[in-house]
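Summary of structural features
One-letter residues, chain by chain:
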Number of protein chains: 2
Amino acid sequence: MDFSSKLLENAVNEVARLPGIGKRTALRLVLHLLKQPVENTNYLTESLKVLRTEVKTCEKCHNISDTLLCEICNNPKRDASVVCVVEDIRDVMAIENTSQFRGLYHVLGGKISPIEGIGPQNLEIESLIEKVKNNEIKELIFALSSTMEGDTTNFYIFKQIEKFGVATSTIARGISVGDELEYADEVTLGRSIVNRIPFEQSMKL
Amino acid sequence: MDFSSKLLENAVNEVARLPGIGKRTALRLVLHLLKQPVENTNYLTESLKVLRTEVKTCEKCHNISDTLLCEICNNPKRDASVVCVVEDIRDVMAIENTSQFRGLYHVLGGKISPIEGIGPQNLEIESLIEKVKNNEIKELIFALSSTMEGDTTNFYIFKQIEKFGVATSTIARGISVGDELEYADEVTLGRSIVNRIPFEQSMKL
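Read on for a plain summary of the structure.

About the cut-offs
- Residues numbered from 1 in each chain as written.
- Chains lettered and ligands numbered in written order.
- Predicted model: local features only at pLDDT ≥ 70, side-chain atom pairs only at ≥ 80, totals over all residues.
- Heavy atoms only, no water.
- Least-squares fit on C-alpha atoms with pLDDT ≥ 70 in both.
- Contact = heavy atoms within 4.5 Å.
- Axes fitted to C-alpha atoms, helices over the stretch in contact; angles between N-to-C directions.
- Helix = DSSP H or I, 4+ residues; strand = E, 2+ residues; numbered from the N terminus.
- Parallel < 35°, antiparallel > 145°, perpendicular 65-115°, else oblique.
- Nonpolar A, V, L, I, M, F, W, Y, C, P; charged D, E, K, R; others polar.
- Pairing = 2+ DSSP bridges.
- 1 Å grid on protein atoms, 1.4 Å probe; cavity = no way out; pocket = protein on both sides within 12 Å on 5 of 7 lines; lining within 4 Å.
- Points joined across faces, edges and corners; volume = space filled by probe spheres on them.
- Core = buried A, V, L, I, M, F, W, Y, C linked by side-chain atoms within 4.5 Å.
- Buried < 20%, exposed > 50% of the residue type's maximum accessible area, 1.4 Å probe, protein only.
- Buried area = accessible area lost by both parts, 1.4 Å probe.
- Salt bridge = Lys/Arg side-chain N within 4 Å of Asp/Glu carboxyl O.
- Polar contact = N/O pair within 3.5 Å; in protein donor to acceptor, adjacent residues only side chain to side chain.
- Right-handed = clockwise from strand over helix to strand, strands pointing away.

Next up on the list: the relation of the copies chain B and chain A. Structural alignment of chain B on chain A gives an RMSD of 0.1 Å, achieved by rotating through 180° and translating 0.0 Å along the axis. Read as a symmetry element, the transformation amounts to a two-fold axis. When C-alpha positions in chain B are compared against the rotation axis, the closest is assigned to B:Thr45, at 2.4 Å. The overlap is high: 100% of the interface residues of chain B also sit at the interface in chain A, so the same surface is used on both sides.

Here's what the structure looks like:
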């Protein structure tokens, strides 16, 4: 692309570095900002700048937070002995939305992925093992995505904490509520048969 | 969405105000910035801020430019008597890419669109008529998109300049180069038959 303005080119290139945003989309977004009042651009840049410099991670669960201890970890009504291991804040938000979990979280900040160069030392695994070692946790729930990276991470953590005798579980895999059986993939359907639950129990949900 | 951080929520809301970016995409983009070094966010916000406050529009063609007169208007090799009327900078870039046009541009900054509340007074139409009135232009080429808004804008401008006797033309509509006839829409195919050109002329292109 040949730009008539160096400033425009710079801005487009920076926006196009965001994941999933190509040069054309970046140009569209930047031109939109140019058509809007200057305050809109200020709000956008300020909010990003303040976030990037001032946001904290909760020192207990490593979730994104404005305070040293996040609202969930700080809530005395939550059961601190049950900890759900998740990849990032989006998973926390998704689980919180269900209102079905009253324990705490432990945010790893990603999954072990040799291809992307992410090893256990890049994630908050050490601090999780520390918690288990200190007998703070009764049950650990693995809630990572069911991918190769997710399974690898689960297994790596499991191997490290096995000896401390903490109870572990993973979230159930099965047919989505409202889904037709015939369209489910074999692995999911297979797992949902193997891990079937008593009918009376399902009625209570 | 329930955010654990007010700063994160603000940033996501601001990013989600961009066209075509929903809350989920905004969250993905913002979390990406949080994982990157702080300089990346600084580059992004600085480039947007500098662009928004310092970018100029060429005082002749109203294209986005870093200088008072853009490179194209400033180029003595370009034919100032032929002016191509376009909607915005993206059209200038597209036509420049073809290397087929040696005249100047006039960037309207949009199309007349009553639905979006854009009238002739919101566009650079007055300055175009002024140019025609001052006998600066020999030929005016309308190169707006072939939509109702584009046609309305063309017609509005044409009605205003008719009396000055300037030559006007519109870019040719027809089958794209490399396209199969059978898949072309009727209107386009119809126009390409009505506006056929001598064969010898087509061989020169």
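Don't stop here, the text continues.
Right, let's talk about the packing of helix 5 (residues 89-98) of chain A against helix 2 (residues 23-35) of chain B for a bit. Closest axis-to-axis distance for the helix 5 of chain A/helix 2 of chain B pair is 11 Å, and the angle between their directions is 140°. One way to sum up the angle between helix 5 of chain A and helix 2 of chain B is to call them oblique. On helix 2 of chain B, the residues touching A:Ile89, A:Arg90 and A:Met93 of helix 5 of chain A are B:Leu27, B:Arg28 and B:Leu31. In terms of residue class, the contact of helix 5 of chain A with helix 2 of chain B is built from four nonpolar, no polar and two charged.

Before going further, it helps to examine the sheet that holds strand 3 (residues 79-86) of chain B. All names here are of chain B. Across the sheet, four strands lie side by side as 4-3-5-6; this open sheet has parallel pairing. Strands at the two margins of the open sheet, each flanked by one partner only, are strand 4 (103-107) and strand 6 (167-170). Looking at each pair of strands side by side, their axes are set apart by 25° on average, direction ignored. Sheet analysis places strand 3 next to strand 5 (residues 139-142), joined by four bridges and oriented parallel. Residue pairing for strand 5: Cys-84 is matched across the bridge by Ile-141. With respect to the sheet, helix 6 (residues 126-133) is in contact with strand 3, strand 4 and strand 5, its orientation differing from that of strand 4 by roughly 145°. The strands that helix 7 (residues 148-161) touches are strand 3, strand 5 and strand 6; relative to strand 5, the one it contacts most, it runs at about 165°.

The subject of this paragraph is empty space enclosed by the protein. All told, the structure shown has one cavity of 30 Å³ or more when counted by the stated rule. Taken as a whole, the largest cavity holds about 140 Å³ of empty space. As for the largest cavity, its lining consists of 14 residues, of which A:Leu18, A:Leu44, A:Leu48, B:Leu18 and B:Leu44 are closest to the centre. Residue assignment for the lining of the largest cavity shows that the elements contributing at least two residues are helix 2 (23-35) and helix 3 (38-54) of chain A together with helix 2 and helix 3 (38-54) of chain B. Ranked by residues supplied to the lining of the largest cavity, first place goes to helix 2 of chain A with three residues.

Quick look at the nonpolar core now. Among the nonpolar cores identified, the biggest contains 45 residues, and A:Leu8, A:Val15, B:Leu8 and B:Val15 are the most heavily contacted of them. Elements supplying a minimum of two residues to this core: helix 1 (6-15), helix 2, helix 3 and helix 5 of chain A together with helix 1 (6-15), helix 2, helix 3 and helix 5 (89-98) of chain B. If near-sequence neighbours (up to four positions away) are discounted, B:Leu8 is found in contact with A:Leu51, A:Ile64, A:Ile89, B:Phe3, B:Leu27, B:Val30, B:Leu31 and B:Leu34.

Contacts between the two partners involve 53 residues from chain B and, on the opposite side, 53 residues from chain A. Interface of chain B and chain A: buried area, both sides summed, is about 5,000 Å²; carbon and sulfur atoms make up 69% of it. At the boundary of chain B with chain A, the tally comes to two salt bridges. When the shortest N-O distance is used, the salt bridge between B:Lys49 and A:Glu46 registers 3.6 Å. At the surface where chain B touches chain A, the tally comes to 15 residue pairs in polar contact (both at pLDDT 80 or more). Sorting the residues of the side of chain B that touches chain A by element identifies helix 1, helix 2, helix 3, strand 2 (64-65) and helix 5 of chain B as the ones contributing at least two each. Here the side of chain B that touches chain A gets 16 residues from one element, more than from any other, and that element is helix 3 of chain B.

All names here are of chain B. Where burial is concerned, most of strand 4 is hidden: five out of the five residues are buried. Sheet analysis places strand 3 next to strand 4, joined by five bridges and oriented parallel. Within strand 4, the position partnered with Val-86 by the bridge is Val-107. Following the backbone out of strand 3, through helix 5 and into the adjacent parallel strand 4, one traces a crossover that is right-handed.

Residue and element names in this part refer to chain A. If you walk across this open sheet you meet the four strands as 4-3-5-6, and the pairing is parallel. At either margin of the open sheet sits one strand with a lone partner, and together these are strand 4 (103-107) and strand 6 (167-170). Within this sheet the neighbouring strands show an average axis-to-axis angle of 25°, counted without direction. Here helix 6 (residues 126-133) sits on the sheet and contacts strand 3 (79-86), strand 4 and strand 5 (139-142); the angle it forms with strand 4, its principal contact strand, is near 145°. Lying over the sheet, helix 7 (residues 148-161) contacts strand 3, strand 5 and strand 6, oriented at roughly 165° with respect to strand 5.

Another aspect to go through is the pattern of salt bridges. This structure, assessed with the given rule, holds 14 salt bridges over all chains. Between A:Glu162 and A:Lys159 there is a salt bridge, and its shortest N-O distance comes to 3.4 Å. With a relative accessible area of 42%, A:Glu162 lands in the partly exposed category. The partly exposed category is assigned to A:Lys159, whose relative accessible area is 42%. We note a salt bridge from B:Lys111 to B:Glu87, for which the minimum N-O separation is 3.5 Å. Of this pair, B:Lys111 sits in the loop between strand 4 and helix 6 while B:Glu87 sits in the loop between strand 3 and helix 5, placing them 24 residues apart in sequence.

None of this, on its own, says anything about what the molecule does.
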